[in-house]
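Spelled out from the first residue to the last, the chains are:
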Amino acid sequence: MFYSPVITNAAEAVKNEKLHLFRFVEDSEQVKIGTYEAHGGYQAWKKALTSMQPAQIVEEVKKSGLRGRGGAGFPTGMKWSFIPKDSPKPRYLICNADESEPGTCKDRVLMERDPHAVIEGMAIAAYAIGCHRMFIYIRGEFNHSIIRLETAVKEAYAHKHLGKNIYGTGYDLDMVVHSGGGAYICGEETALLNSLEGERGMSRIRPPFPAIEGLYACPTIVNNVETLASVPHIINRGADWYRTLGTEKSSGTKIFSLSGHVKRPGNYEVELGFNLKKLIYDPAYGGGILGDKKIKGVIPGGSSTPFLKADMLDVNLDYESLAQAGSMLGSGAVIVFHEDTCIVWVILKLIHFYRHESCGKCTPCREGTGWLEQIIGRIEAGGGKPGDIELIEDVCGNILGRTICPLGDAAVMPIQSAIKHWRDEWQFHIDNKKCMVKTNFEFR
Amino acid sequence: MILNDEAIAKIKERVGLYPQSKSAILPALTIAYHQVGYLNDKVYKDIADIIKVPCVEIAEAATFYTMFPKEPVGKYLIQVCHNISCALLGADSLISYLEQKLEIKKGETTRDNLFTLVTVECLGSCATAPMMQINQDYYENLTREKVDKIIEELRAKA
Ligand SMILES: Cc1cc2nc3c(=O)[nH]c(=O)nc-3n(C[C@H](O)[C@H](O)[C@H](O)COP(=O)(O)O)c2cc1C
Ligand code: SF4
């Protein structure tokens with residue numbers, strides 16, 4: 001029935017009206033515009049365009065406390081307010097659907113199963129910043145998402161939610177579905193801008209920030225799919241309602257992509273502040289660890305966020321609590337691994353990825369990720385030498401904070417935390433030339 | 001021209017959507033890749049002629065993206081994710097299984113030119129791991145049984 005068989009908690013969202021993003025994602029008709037409209041779709045866009053000023057929308061989103069769901073968690077309304085009021089240049093809105101942070105598979109569900117929600121959120125954001133041509137940059141491998149969005153955009157034009165003189169207001173808005181190159185770095189917003197301009201997807205030095213000089217050197221806002229899909233609900237029900245969801249400081253709901261050694265991997269929409277242990281063990285969500293083994297650790301917010309050890313899991317999933325625990329909410333990708341997992345093996349997978357995805361623009365990241373992969377690969381293969389841990393720490397220290405874009409930090413932070421939490425295991429690997437625990441995962 | 005009329009028409013249509021035609025490069029490469037199966041200088045030249053951008057700029061962009069194969073691949077390009085979420089659920093053993101089944105090593109193409117097997121980074125299918133992409137389609141929650149069936153069906157279709 002659905003292209004992706006991924007598990008969601010839509011059944012819960014149907015009963016719990018706080019969970020607005022996933023309410024209709026198990027309804028196979030939701031992709032059709034008629035069904036979307038019957039479910040109240042495009043009401044928020046109509047309300048925004050016909051009865052609100054752009055500045056009012058920005059204020060409302062600011063007041064809602066919505067923060068970016070793409071990884072950095074920047075306050076959305078505040079970002080929109082950085083668009084210069086007096087610039088004569090066109091403004092652009094870009095929806096970031098590059099989704100390539102390992103562990104993250106949430107935007108895909110929204111695009112595949114509720115594409116109009118993404119379009120509606122984008123339209124409202126576009127109007128709020130005075131944009132008349134908006135883009136969604138979808139990673140090229142998401143062929144199905146691209147087709148879904150293209151179909152939905154056609155429908156939205158046919159139903160006059162996009163195009164010229166929308167709802168008789170004189171406002172024109174066009175939308176372009178752009179297929180990207182499938183590179184992780186193109187999810188970084190300035191690399192995305194280069195990629196969308198037809199250049200190699202390399203990051204830009206900031207300032208200027210995209211809000212001042214972004215796409216084609218014009219004021220540009222880049223927002224994540226989930227961030228934008230949250231916007232219609234804020235417009236429909238108001239910032240005050242949105243603030244009742246989640247915690248005082250982290251308002252709203254968030255989709256967590258739960259993967260790895262859990263019984264029920266899936267995408268789960270929960271209020272921010274949800275307990276991580278509950279997400280992993282509750283039968284309604286992760287259902288516990290495969291084979292009822294002992295949990296060893298968790299990456300809570302996508303592969304770029306520091307690890308949490310087994311004794312750190314009684315933590316709430318919100319921006320502040322995770323920061324306090326020494327990690328980050330990131331993109332909300334919770335990757336779980338159990339006691340039979342060698343930490344050096346995990347890190348080798350990750351550093352291989354960052355080395356492959358480094359755009360190569362700055363030396364610490366380009367060279368450093370390569371060195372790290374070599375050293376860690378050597379340890380994993382049984383060729384570890386005394387001093388290797390210190391060497392890794394030294395290389396990490398020379399990357400952290402010294403790069404053009406956050407990819408360098410993203411590569412380093414998980415490694416540093418893995419050494420901090422499991423130093424004895426790294427030492428064992430070096431001394432004994434083998435894993436402390438057997439890592440040999442067979443697919444079924 | 002290597003590109004067929006359909007691909008050319010699609011690319012021309014894209015150019016009109018952007019304030020600057022260079023923006024059509026990546027979608028054009030994707031359209032060309034879907035038709036030809038890989039990219040090379042001849043394809044870049046075709047695209048350059050259609051969107052009127054110097055050929056070197058097309059090549060410059062194309063070579064950045066590992067998503068596009070730059071030399072011929074088998075009829076079915078099998079891309080297995082070997083990143084962390086898939087690896088935790090046995091992606092390495094899935095790769096070995098495919099190597100045995102197809103009697104090739106990763107990076108190689110079967111002698112009948114039907115299958116090319118490669119590994120790739122995370123494809124955003126982490127909660128339905130392990131997974132592979134074959135041409136434009138995703139195959140998720142893979143088991144031995146499923147893999148057998150998929151390969152059998154593709155062989156029968158070819
Ligand atoms: C290496 C790297 C990869 C990123 N990948 C993505 C991505 O795939 N999707 C995304 O929305 N944001 C990604 N981001 C974050 C974006 O740069 C940007 O902060 C985000 O799209 C802004 O949207 P938001 O404020 O709605 O979260 C990435 C950042 C970095 C440094
Ligand atoms: S940190 Fe890495 S990915 Fe970012 S600009 Fe530098 S080389 Fe490129």
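Residues numbered from 1 in each chain as written. Chains lettered and ligands numbered in written order. Predicted model: local features only at pLDDT ≥ 70, side-chain atom pairs only at ≥ 80, totals over all residues. Heavy atoms only, no water.

Moving on, we get to the overall build of chain A. Of regular secondary structure, chain A possesses 17 helices and 12 strands. Considering only C-alpha atoms, chain A reaches an extent of 75 × 45 × 40 Å along its principal axes. A burial count over chain A gives 61% of its 444 residues as buried. Restricting the contact set of chain A to residue pairs at least 6 apart, pairs at least 24 apart contribute 70%. As displayed, chain A offers around 15,800 Å² of accessible surface, 53% of which is attributable to carbon and sulfur atoms. Counting 51 positive and 52 negative side-chain charges, chain A places the averaged centre of each group 0 Å from the other. (Helix = DSSP H or I, 4+ residues; strand = E, 2+ residues; numbered from the N terminus. Buried < 20%, exposed > 50% of the residue type's maximum accessible area, 1.4 Å probe, protein only. Contact = heavy atoms within 4.5 Å. Areas by Shrake-Rupley, 256 points an atom, 1.4 Å probe, with all protein chains shown as cover. Lys, Arg positive; Asp, Glu negative; His and termini not counted. Charge placed at Lys NZ, Arg CZ, Asp CG, Glu CD.)

Right, let's talk about the interface of chain A and chain B for a bit. Facing 64 residues of chain A, the contacting portion of chain B comprises 50 residues. For the chain A and chain B pair, buried surface summed over both sides reaches about 4,600 Å², with 58% attributable to carbon and sulfur atoms. The largest share of the area that chain A buries against chain B comes from Glu141(A), Arg200(A) and Phe443(A), three residues that together contribute 17% of it. Counting across the chain A and chain B interface gives five salt bridges. Run the count over chain A and chain B and you get 24 residue pairs in polar contact (both at pLDDT 80 or more). Here the side of chain A that touches chain B gets eight residues from one element, more than from any other, and that element is helix H14 (residues 343-357) of chain A. Of the residues contributing to the side of chain A that touches chain B, the split by class is 30 nonpolar, 21 polar and 13 charged. (Buried area = accessible area lost by both parts, 1.4 Å probe. Salt bridge = Lys/Arg side-chain N within 4 Å of Asp/Glu carboxyl O. Polar contact = N/O pair within 3.5 Å; in protein donor to acceptor, adjacent residues only side chain to side chain. Nonpolar A, V, L, I, M, F, W, Y, C, P; charged D, E, K, R; others polar.)

What follows is about helix H3 (residues 41-51) of chain B. Helical geometry: 3.6 residues make up each α-helical turn, so side chains three or four residues apart lie on a common side. The set of residues buried in H3(B) consists of Val43(B), Tyr44(B), Asp46(B), Ile47(B), Ala48(B), Ile50(B) and Ile51(B). Looking at the packing, one finds that the buried side of H3(B) touches helix H1 (5-15), helix H2 (25-36) and helix H4 (55-62) of chain B.

Residues and elements named next belong to chain B. Buried residues of H4: Ile-58, Ala-61 and Ala-62, and no others. On an axial view of H4, the arc spanned by its buried residues comes to 95°, and they lie on one face. Those residues of H4 that are buried lie in contact with H2 and H3. (Arc of directions from axis to C-beta.)

Residues and elements named next belong to chain A. Strand order across the open sheet formed by five strands is S7-S6-S12-S9-S10, with mixed pairing between neighbours. A strand with exactly one partner marks an edge of an open sheet, and here the two such strands are strand S7 (266-271) and strand S10 (308-309). Relative to strand S12 (residues 333-338), strand S9 (residues 295-299) runs antiparallel, the two sharing four bridges. Note on S12: the bridge partner recorded for Val-298 is Val-336. (Pairing = 2+ DSSP bridges.)

Turning next to the sheet that holds strand S1 (residues 91-97) of chain A. Residue and element names in this part refer to chain A. The strand order across the open sheet formed by five strands is S3-S4-S2-S1-S5, and the pairing between neighbours is mixed. Two strands in the sheet have a free side with no partner beyond their single neighbour: strand S3 (163-166) and strand S5 (220-224). When strand polarity is set aside, the average angle formed by the axes of neighbouring strands in this sheet is 25°. Sheet strands in contact with helix H7 (residues 115-129) are S1, strand S2 (131-138), strand S4 (171-179) and S5, and its direction is about 140° off that of S2. (Axes fitted to C-alpha atoms, helices over the stretch in contact; angles between N-to-C directions.)

On to the domain arrangement of chain B. When the parts of a complex come together, some accessible area is lost, and that lost area is often taken as the interface size. Assigned domains within chain B: domain 1 (5-64) and domain 2 (76-157). The centre of domain 1 of chain B, based on its C-alpha atoms, is set 28 Å off from the matching centre of domain 2 of chain B. (Domains from an automatic or database assignment.)

Attention now goes to empty space enclosed by the protein. Under the definition given, this model contains five cavities of 30 Å³ or more. Size it by volume and the largest cavity reaches roughly 80 Å³. Around the second largest cavity sit 13 residues that line it, and Ser4(A), Val6(A), Cys105(A), Arg108(A) and Gly124(B) are the ones nearest its centre. The element contributing the most residues to the lining of the second largest cavity is helix H6 (residues 107-113) of chain A, with three residues. Residues that form the lining of the second largest cavity fall into these classes: five nonpolar, five polar and three charged. (1 Å grid on protein atoms, 1.4 Å probe; cavity = no way out; pocket = protein on both sides within 12 Å on 5 of 7 lines; lining within 4 Å. Points joined across faces, edges and corners; volume = space filled by probe spheres on them.)

Moving on: the site of ligand 2. In the region of ligand 2, 13 residues are neighbours, and Cys359(A), Lys361(A), Cys362(A), Cys365(A) and Cys405(A) sit closest. When grouped by side-chain class, the residues that make up the shell around ligand 2 number seven nonpolar, five polar and one charged. (Near = heavy atom within 4 Å.)

All right, on to the nonpolar core then. Formed by 87 residues in total, the largest nonpolar core has its most connected members in Phe307(A), Ile392(A), Trp426(A), Leu29(B) and Ile47(B). At 10 residues, the largest contribution of residues to this core is made by helix H17 (residues 407-432) of chain A. Of the residues that make up this core, three or more belong to each of domain 1 (5-64) and domain 2 (76-157) of chain B. The contacts of Trp426(A), once residues within four sequence positions are left out, are Ile343(A), Val344(A), Ile347(A), Ile376(A), Ile379(A), Ile389(A), Ile392(A), Ala418(A) and Ile419(A). (Core = buried A, V, L, I, M, F, W, Y, C linked by side-chain atoms within 4.5 Å.)

To continue, consider the pattern of salt bridges. Residues and elements named next belong to chain A. Using the criterion set out here, one finds 36 salt bridges over all chains in the structure. A salt bridge links Asp-107 to Lys-106, with the nearest nitrogen and oxygen atoms 2.7 Å apart. Judged by relative accessible area, Lys-106 falls into the buried class, the value being 1%. Connected through salt bridges with shared partners, the residues Lys-79, Glu-188, Glu-189 and Arg-206 form a single ionic network.

Turning our attention to unusual backbone geometry. Of note, the amide linkage connecting Arg206(A) to Pro207(A) takes the cis form, showing an omega dihedral of -10°. When you line up the elements, Pro207(A) lands in the loop between helix H9 (189-196) and S5. Ala129(B) connects to Pro130(B) through a cis peptide bond whose omega is -10°. On the secondary structure map, Pro130(B) appears in the loop between strand S2 (115-120) and strand S3 (132-134). Backbone geometry at Lys52(B) places phi at a positive 60°, although glycine is not the residue there.

Residue and element names in this part refer to chain A. Taken together, the neighbourhood of ligand 1 is formed by 18 residues, with Gly-70, Asn-96, Asn-223, Asn-224 and Thr-227 sitting nearest. At 3.0 Å, a side-chain N or O of Lys-79 approaches an oxygen atom of ligand 1. The contact in question runs from an oxygen atom of ligand 1 to an N or O atom on the backbone of Glu-99, over 3.1 Å. Placement of ligand 1 is best described as lying within the largest pocket. Grouping the amino acids of the shell around ligand 1 by side-chain chemistry returns four nonpolar, eight polar and six charged. (Sits in = over half its atoms within 2 Å of the grid points.)

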